[in-house]
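Summary of structural features
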Amino acid sequence: MATLVSFHAHPDDECIACGGVIRKAHEDGHRVVLVVATRGELGEIPEGFLDDGEELWQRRVVETQASADILGVDRVEFLGYTDSGMMGEPTNDQPGTFWTADVEEAAAKLAAILREENADVLTVYDDHGGYGHPDHIQVHRVGMRAAELAGTPRVYQATINRDRAQAGRAERGDVEMPDLADDFGTPESEITCAVDVTKYADQKRAAMRAHASQISEQSFFLALPDEAFRFTFGTEWFIREGQGPGITETDIMAGLS
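Here is a short report on the structure shown in this document. Because the structure is a prediction, the values reported are computed rather than measured.

From N to C terminus, the protein chain includes 8 helices and 7 strands. Relative to the compact-globule value of 18 Å for 257 residues, the protein chain shows a C-alpha radius of gyration of 17 Å, a close match. Dimensions along the principal axes, computed over C-alpha positions, put the protein chain at roughly 50 × 45 × 35 Å. When contacts within the protein chain are restricted to residue pairs at least 6 apart in sequence, long-range pairs at least 24 apart make up 78% of them. Surface accessibility of the protein chain: about 11,500 Å² in total, with carbon and sulfur atoms responsible for 46%. The averaged location of the 47 negative side-chain charges in the protein chain is 5 Å from the averaged location of its 22 positive side-chain charges.

That bond from Gly244 to Pro245 is cis: its omega, 5 degrees, falls within 30 degrees of zero. Looking at where Pro245 falls in the secondary structure, it is placed in the segment after β7 (235–239). You will see that Asp12, though not glycine, has its phi angle at about 95 degrees, which is positive. Tracing the sequence through the fold places Asp12 in the loop between β1 (3–8) and α1 (13–27). The phi torsion at Asn118 lies on the positive side, around 50 degrees, for a residue other than glycine.

To describe a pair of aromatic rings, one takes the distance between the centres and the angle between the planes. Throughout the structure, instances matching the rule amount to 7 aromatic pairs. Centroid distance Phe220 to Phe221: 5.6 Å. Interplanar angle 65 degrees. Geometry classified as edge-to-face. Given a relative accessible area of 22%, Phe220 falls into the partly exposed group. By relative accessible area, Phe221 is classed as partly exposed at 22%. Just above the ring of Phe231 sits the side chain of Arg164; from NZ or CZ to the centre is 4.1 Å.

A complete count under the given rule lists 16 salt bridges for this structure. Measuring nitrogen to oxygen at the nearest pair gives 2.8 Å for the salt bridge that ties Glu54 to Arg59. Put simply, Arg205 and Asp226 hold a salt bridge, and the shortest N to O gap is 2.9 Å. One end of the pair, Arg205, is in helix α6 (residues 201–210); the other, Asp226, is in helix α8 (residues 226–233), and 21 residues separate them in sequence. Connected via shared salt-bridge partners are Arg31, Arg75, Glu77, Glu116 and Glu117.

In terms of residue burial, strand β4 (residues 121–125) counts as a mostly covered element, since 5 of its 5 residues are buried. Bridge count for β1 against β4 is 3 bridges, and the pairing is parallel. Across the sheet, the residue bridging to Leu4 is Val121, located in β4. After leaving β4, the chain enters helix α4 (residues 134–150) and then returns to the sheet as strand β5 (residues 154–159), a path that is right-handed.

So, about the side chain of Thr38. Its place among the elements puts Thr38 in strand β2 (residues 31–38). Of the residues examined, Thr38 reaches a relative accessible area of 1% and is grouped as buried. For Thr38, the side chain forms a polar contact with the main-chain oxygen of Ala9, separated by 3.0 Å. Separated by 3.1 Å, the side chain of Thr38 and the backbone nitrogen of Gly40 make a polar contact. In this view, Thr38 contacts Ala9, His10, Pro11, Phe78, Tyr81, Thr82, Asp83, Phe98 and Asp135; residues no more than four positions away in its chain are not counted.

Bringing the packing of α1 against helix α2 (residues 56–71) into the picture now. The interhelical angle for the contact between α1 and α2, taken along N-to-C directions, is 40 degrees, at an axis separation of 9 Å. Judged by residue contacts, Glu14, Cys15, Gly19, Ile22, Arg23 and His26 of α1 engage Ser67, Ile70 and Leu71 from α2. Looking at the contact of α1 with α2 residue by residue, the classes come out as 4 nonpolar, 3 polar and 2 charged.

Once that is clear, we can look at the side chain of His140. Locating His140 in the fold gives a position in helix α4. Not counting residues within four places of it along the chain, the set of residues in contact with His140 comprises Val124, Tyr125, Asp126, Asp127 and Gln157.

How each quantity is defined
Residues numbered from 1 in each chain as written. Predicted model: local features only at pLDDT ≥ 70, side-chain atom pairs only at ≥ 80, totals over all residues. Heavy atoms only, no water. Helix = DSSP H or I, 4+ residues; strand = E, 2+ residues; numbered from the N terminus. Rg over C-alpha atoms; globule rule 2.2 N^0.38 Å. Contact = heavy atoms within 4.5 Å. Areas by Shrake-Rupley, 256 points an atom, 1.4 Å probe, with all protein chains shown as cover. Lys, Arg positive; Asp, Glu negative; His and termini not counted. Charge placed at Lys NZ, Arg CZ, Asp CG, Glu CD. Phe/Tyr/Trp six-rings, centres within 6.5 Å; stacked < 30°, edge-to-face > 60°. Buried < 20%, exposed > 50% of the residue type's maximum accessible area, 1.4 Å probe, protein only. Lys NZ or Arg CZ within 6 Å of the ring centre and 35° of its normal. Salt bridge = Lys/Arg side-chain N within 4 Å of Asp/Glu carboxyl O. Pairing = 2+ DSSP bridges. Right-handed = clockwise from strand over helix to strand, strands pointing away. Polar contact = N/O pair within 3.5 Å; in protein donor to acceptor, adjacent residues only side chain to side chain. Axes fitted to C-alpha atoms, helices over the stretch in contact; angles between N-to-C directions. Nonpolar A, V, L, I, M, F, W, Y, C, P; charged D, E, K, R; others polar.

Structure, rendered in C-alpha coordinates:
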(Lines give C-alpha, C1' and ligand atoms only; values in the text may rest on other atoms or scores of the structure.)
Protein backbone atom coordinates (compact mmCIF):
# COMPACT_ATOMS: atom_id res chain seq x y z
CA MET A 1 0.00 0.00 0.00
CA ALA A 2 1.32 3.43 -1.00
CA THR A 3 0.14 6.82 0.24
CA LEU A 4 -1.26 9.69 -1.83
CA VAL A 5 -1.52 13.16 -0.31
CA SER A 6 -3.74 15.53 -2.29
CA PHE A 7 -3.28 19.21 -1.41
CA HIS A 8 -5.98 21.77 -2.24
CA ALA A 9 -6.87 25.39 -1.61
CA HIS A 10 -10.55 25.25 -0.62
CA PRO A 11 -13.28 22.75 0.13
CA ASP A 12 -14.73 21.38 -3.15
CA ASP A 13 -11.45 21.78 -5.07
CA GLU A 14 -10.56 18.20 -4.23
CA CYS A 15 -13.46 16.62 -6.10
CA ILE A 16 -13.25 18.92 -9.12
CA ALA A 17 -9.50 18.67 -9.70
CA CYS A 18 -8.58 15.24 -8.33
CA GLY A 19 -11.75 13.39 -7.37
CA GLY A 20 -11.11 10.65 -9.90
CA VAL A 21 -7.49 9.92 -8.98
CA ILE A 22 -8.37 10.01 -5.30
CA ARG A 23 -11.15 7.45 -5.74
CA LYS A 24 -8.97 5.35 -8.05
CA ALA A 25 -6.15 5.30 -5.50
CA HIS A 26 -8.61 4.22 -2.82
CA GLU A 27 -10.06 1.42 -4.94
CA ASP A 28 -6.54 0.27 -5.85
CA GLY A 29 -5.84 -0.22 -2.13
CA HIS A 30 -3.75 2.87 -1.41
CA ARG A 31 -4.03 5.26 1.54
CA VAL A 32 -5.33 8.73 0.68
CA VAL A 33 -4.85 11.90 2.72
CA LEU A 34 -6.61 15.16 1.85
CA VAL A 35 -5.02 18.43 2.99
CA VAL A 36 -6.90 21.71 2.51
CA ALA A 37 -5.22 25.07 3.03
CA THR A 38 -8.35 27.04 3.97
CA ARG A 39 -11.92 26.41 5.04
CA GLY A 40 -13.34 28.43 2.14
CA GLU A 41 -14.65 31.26 4.29
CA LEU A 42 -15.36 33.56 1.31
CA GLY A 43 -17.50 31.23 -0.75
CA GLU A 44 -20.82 32.56 -2.01
CA ILE A 45 -24.07 31.08 -0.75
CA PRO A 46 -27.78 31.74 -1.27
CA GLU A 47 -29.49 33.83 1.37
CA GLY A 48 -30.93 31.67 4.13
CA PHE A 49 -28.81 28.65 3.24
CA LEU A 50 -27.05 28.42 6.62
CA ASP A 51 -28.68 27.56 9.91
CA ASP A 52 -29.07 30.27 12.54
CA GLY A 53 -25.66 31.01 14.05
CA GLU A 54 -23.83 28.78 11.59
CA GLU A 55 -20.72 30.12 9.87
CA LEU A 56 -19.98 29.23 6.25
CA TRP A 57 -16.64 27.66 7.15
CA GLN A 58 -18.40 25.27 9.52
CA ARG A 59 -20.70 24.04 6.79
CA ARG A 60 -17.82 23.69 4.35
CA VAL A 61 -15.82 21.56 6.78
CA VAL A 62 -18.79 19.20 7.09
CA GLU A 63 -19.18 19.14 3.31
CA THR A 64 -15.50 18.36 2.87
CA GLN A 65 -15.75 15.34 5.15
CA ALA A 66 -18.83 14.13 3.26
CA SER A 67 -17.00 14.48 -0.04
CA ALA A 68 -13.94 12.75 1.40
CA ASP A 69 -16.06 9.82 2.55
CA ILE A 70 -17.46 9.40 -0.96
CA LEU A 71 -14.02 9.52 -2.54
CA GLY A 72 -12.45 7.11 -0.06
CA VAL A 73 -10.16 9.51 1.80
CA ASP A 74 -8.61 8.10 4.96
CA ARG A 75 -7.60 11.37 6.64
CA VAL A 76 -8.61 15.03 6.23
CA GLU A 77 -6.48 17.91 7.50
CA PHE A 78 -6.86 21.71 7.26
CA LEU A 79 -3.74 23.88 7.46
CA GLY A 80 -5.68 26.69 9.16
CA TYR A 81 -5.29 29.61 6.75
CA THR A 82 -8.22 31.73 5.62
CA ASP A 83 -9.64 32.14 2.13
CA SER A 84 -7.95 34.95 0.18
CA GLY A 85 -10.75 35.58 -2.31
CA MET A 86 -10.28 36.11 -6.05
CA MET A 87 -7.14 37.77 -7.37
CA GLY A 88 -7.15 41.53 -6.90
CA GLU A 89 -9.74 41.61 -4.14
CA PRO A 90 -8.93 43.57 -0.94
CA THR A 91 -9.27 40.32 1.01
CA ASN A 92 -6.06 39.00 -0.60
CA ASP A 93 -3.84 40.91 1.78
CA GLN A 94 -5.72 40.49 5.03
CA PRO A 95 -3.74 38.91 7.87
CA GLY A 96 -4.05 35.14 8.04
CA THR A 97 -4.96 34.56 4.41
CA PHE A 98 -3.22 31.78 2.55
CA TRP A 99 -1.98 34.28 -0.05
CA THR A 100 -0.07 36.20 2.63
CA ALA A 101 1.31 33.08 4.32
CA ASP A 102 5.05 32.66 4.51
CA VAL A 103 5.82 29.89 2.02
CA GLU A 104 8.49 28.29 4.17
CA GLU A 105 6.22 28.26 7.22
CA ALA A 106 3.26 26.81 5.33
CA ALA A 107 5.48 24.30 3.55
CA ALA A 108 6.83 23.12 6.89
CA LYS A 109 3.26 22.39 8.06
CA LEU A 110 2.53 20.35 4.95
CA ALA A 111 5.92 18.65 5.02
CA ALA A 112 5.21 17.45 8.56
CA ILE A 113 2.12 15.64 7.26
CA LEU A 114 4.04 14.24 4.29
CA ARG A 115 6.71 12.86 6.62
CA GLU A 116 4.17 11.49 9.09
CA GLU A 117 2.37 9.68 6.29
CA ASN A 118 5.58 8.70 4.48
CA ALA A 119 3.85 10.00 1.36
CA ASP A 120 4.79 8.47 -1.97
CA VAL A 121 2.81 10.90 -4.13
CA LEU A 122 1.68 14.51 -3.69
CA THR A 123 -0.74 16.41 -5.91
CA VAL A 124 -0.65 20.21 -6.07
CA TYR A 125 -1.66 22.67 -8.82
CA ASP A 126 0.26 24.09 -11.76
CA ASP A 127 2.26 27.29 -11.31
CA HIS A 128 -0.65 29.60 -12.16
CA GLY A 129 -3.20 27.68 -10.15
CA GLY A 130 -5.19 26.59 -13.19
CA TYR A 131 -6.94 29.91 -13.57
CA GLY A 132 -5.02 32.44 -11.50
CA HIS A 133 -6.71 32.20 -8.10
CA PRO A 134 -4.18 33.38 -5.47
CA ASP A 135 -4.81 30.45 -3.14
CA HIS A 136 -4.32 27.99 -6.00
CA ILE A 137 -1.04 29.62 -6.96
CA GLN A 138 0.01 29.39 -3.32
CA VAL A 139 -0.85 25.67 -3.27
CA HIS A 140 1.70 25.22 -6.03
CA ARG A 141 4.39 27.22 -4.24
CA VAL A 142 3.81 25.67 -0.83
CA GLY A 143 3.29 22.16 -2.14
CA MET A 144 6.39 22.07 -4.29
CA ARG A 145 8.52 23.36 -1.42
CA ALA A 146 6.95 20.92 1.06
CA ALA A 147 7.80 18.01 -1.22
CA GLU A 148 11.42 19.19 -1.26
CA LEU A 149 11.51 19.42 2.53
CA ALA A 150 9.92 16.01 3.03
CA GLY A 151 11.65 14.22 0.17
CA THR A 152 8.35 13.17 -1.40
CA PRO A 153 9.40 11.35 -4.57
CA ARG A 154 6.49 12.09 -6.91
CA VAL A 155 4.76 15.44 -7.31
CA TYR A 156 1.96 15.90 -9.84
CA GLN A 157 0.68 19.36 -10.68
CA ALA A 158 -3.05 19.16 -11.40
CA THR A 159 -4.05 21.31 -14.35
CA ILE A 160 -6.76 21.77 -16.96
CA ASN A 161 -6.26 20.69 -20.55
CA ARG A 162 -6.87 24.02 -22.28
CA ASP A 163 -7.10 22.50 -25.75
CA ARG A 164 -9.67 19.91 -24.73
CA ALA A 165 -11.70 22.45 -22.76
CA GLN A 166 -11.82 24.85 -25.70
CA ALA A 167 -12.78 22.02 -28.07
CA GLY A 168 -15.52 20.91 -25.69
CA ARG A 169 -16.87 24.45 -25.44
CA ALA A 170 -17.04 24.67 -29.21
CA GLU A 171 -18.76 21.30 -29.55
CA ARG A 172 -21.26 21.54 -26.68
CA GLY A 173 -23.68 23.98 -28.18
CA ASP A 174 -26.48 22.47 -26.06
CA VAL A 175 -24.72 23.23 -22.77
CA GLU A 176 -23.79 26.58 -21.30
CA MET A 177 -20.02 26.36 -20.83
CA PRO A 178 -17.98 28.90 -18.85
CA ASP A 179 -15.87 31.45 -20.73
CA LEU A 180 -12.25 30.43 -20.97
CA ALA A 181 -9.53 33.04 -20.54
CA ASP A 182 -6.37 32.70 -22.59
CA ASP A 183 -4.42 31.71 -19.48
CA PHE A 184 -6.99 29.12 -18.36
CA GLY A 185 -5.34 25.74 -17.89
CA THR A 186 -2.34 24.43 -19.80
CA PRO A 187 -1.82 23.54 -23.47
CA GLU A 188 -1.93 19.78 -23.98
CA SER A 189 1.62 19.88 -25.32
CA GLU A 190 2.87 20.77 -21.83
CA ILE A 191 0.87 18.09 -19.98
CA THR A 192 2.70 14.86 -19.10
CA CYS A 193 0.02 12.73 -17.42
CA ALA A 194 -3.60 11.98 -18.34
CA VAL A 195 -5.63 9.71 -16.06
CA ASP A 196 -8.87 8.22 -17.38
CA VAL A 197 -11.30 8.47 -14.44
CA THR A 198 -14.58 7.90 -16.28
CA LYS A 199 -15.03 4.74 -14.17
CA TYR A 200 -15.32 7.01 -11.12
CA ALA A 201 -17.53 9.70 -12.67
CA ASP A 202 -20.50 8.83 -10.45
CA GLN A 203 -18.45 9.15 -7.26
CA LYS A 204 -16.83 12.33 -8.52
CA ARG A 205 -20.21 13.88 -9.23
CA ALA A 206 -21.61 12.72 -5.89
CA ALA A 207 -18.64 14.34 -4.14
CA MET A 208 -19.39 17.60 -5.96
CA ARG A 209 -23.00 17.32 -4.86
CA ALA A 210 -21.82 16.96 -1.24
CA HIS A 211 -20.57 20.57 -1.49
CA ALA A 212 -24.09 21.91 -1.71
CA SER A 213 -23.18 25.33 -0.33
CA GLN A 214 -21.03 25.97 -3.41
CA ILE A 215 -22.21 23.62 -6.15
CA SER A 216 -25.94 23.85 -6.76
CA GLU A 217 -27.98 21.48 -8.89
CA GLN A 218 -28.20 24.30 -11.45
CA SER A 219 -24.44 24.78 -11.61
CA PHE A 220 -22.34 23.96 -14.66
CA PHE A 221 -20.87 20.97 -12.80
CA LEU A 222 -24.15 19.24 -12.00
CA ALA A 223 -26.33 20.45 -14.87
CA LEU A 224 -24.18 18.78 -17.51
CA PRO A 225 -25.74 15.68 -19.12
CA ASP A 226 -23.91 12.48 -18.17
CA GLU A 227 -22.08 12.22 -21.51
CA ALA A 228 -20.91 15.82 -21.34
CA PHE A 229 -19.85 15.38 -17.70
CA ARG A 230 -17.70 12.38 -18.61
CA PHE A 231 -16.12 14.33 -21.47
CA THR A 232 -15.42 17.35 -19.27
CA PHE A 233 -14.39 15.63 -16.03
CA GLY A 234 -13.59 12.06 -17.08
CA THR A 235 -9.88 12.72 -17.54
CA GLU A 236 -7.67 14.37 -14.95
CA TRP A 237 -4.56 16.10 -16.20
CA PHE A 238 -1.18 16.60 -14.53
CA ILE A 239 2.31 17.90 -15.09
CA ARG A 240 5.25 16.05 -13.54
CA GLU A 241 8.70 17.57 -13.80
CA GLY A 242 11.15 15.31 -15.59
CA GLN A 243 8.45 13.63 -17.68
CA GLY A 244 7.49 14.23 -21.28
CA PRO A 245 7.57 15.69 -23.79
CA GLY A 246 3.99 14.72 -24.33
CA ILE A 247 1.80 12.49 -22.18
CA THR A 248 3.94 9.66 -20.85
CA GLU A 249 1.92 8.60 -17.79
CA THR A 250 -1.66 7.46 -17.26
CA ASP A 251 -1.66 6.61 -13.53
CA ILE A 252 -0.11 8.73 -10.77
CA MET A 253 0.23 5.65 -8.54
CA ALA A 254 1.73 3.37 -11.21
CA GLY A 255 4.22 0.86 -9.88
CA LEU A 256 3.50 1.56 -6.22
CA SER A 257 2.28 -1.12 -3.83
